[in-house]
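Chains, contacts and geometry: an overview
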Amino acid sequence: MSNHVYKNLELTGTSTKSIDDAVRGAIAKASKTLRNIHWFEVTETRGHVADGKVAHWQVTIKVGFTLED
């Protein structure tokens with residue numbers, strides 16, 4: 001097994017649908033410019049309320065990816 005060096009990056013995804021959608025959107029966007037993403041951790045969940053209903057989810061995640069040689 002080879003040794004790896006990981007980089008952590010903090011992202012905040014948003015969605016009007018769900019927490020899951022916010023996480024998936026953030027990872028999908030990051031995957032367009034980052035390679036080797038291997039894990040994520042949800043660190044914060046927030047929301048926006050409008051007219052007594054959840055209008056928007058905001059989810060902050062840490063993503064980890066391996067650095068290339």
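Everything quoted here is computed from the prediction, not taken from an experiment.

1. So, the confidence of the model for the chain
In this model, the chain carries an average pLDDT of 94, and 99% of its residues clear a pLDDT of 70 or more. At the level of individual helices and strands, the chain shows its lowest average pLDDT in strand E1 (residues 6-15), which scores 95, and its highest in helix H1 (residues 19-31), which scores 97.

2. Observations regarding the sheet that holds strand E3 (residues 53-66)
In any sheet, the strands associate via hydrogen bonds between backbone groups, in a parallel or an antiparallel arrangement. Spatially, E1-E3-E2 is the arrangement adopted by the three strands of the open sheet, whose pairing is antiparallel. This sheet does not close on itself; its edge strands, each paired only once, are E1 and strand E2 (37-50). On average, each strand axis in the sheet is tilted by 15 degrees relative to the strand beside it, whichever way the strands run. Packed on one face of the sheet, H1 meets E1, E2 and E3 and runs near 40 degrees to E3.

About the cut-offs
- Residues numbered from 1 in each chain as written.
- Predicted model: local features only at pLDDT ≥ 70, side-chain atom pairs only at ≥ 80, totals over all residues.
- Heavy atoms only, no water.
- pLDDT = per-residue confidence, 0-100.
- Helix = DSSP H or I, 4+ residues; strand = E, 2+ residues; numbered from the N terminus.
- Pairing = 2+ DSSP bridges.
- Axes fitted to C-alpha atoms, helices over the stretch in contact; angles between N-to-C directions.
- Contact = heavy atoms within 4.5 Å.

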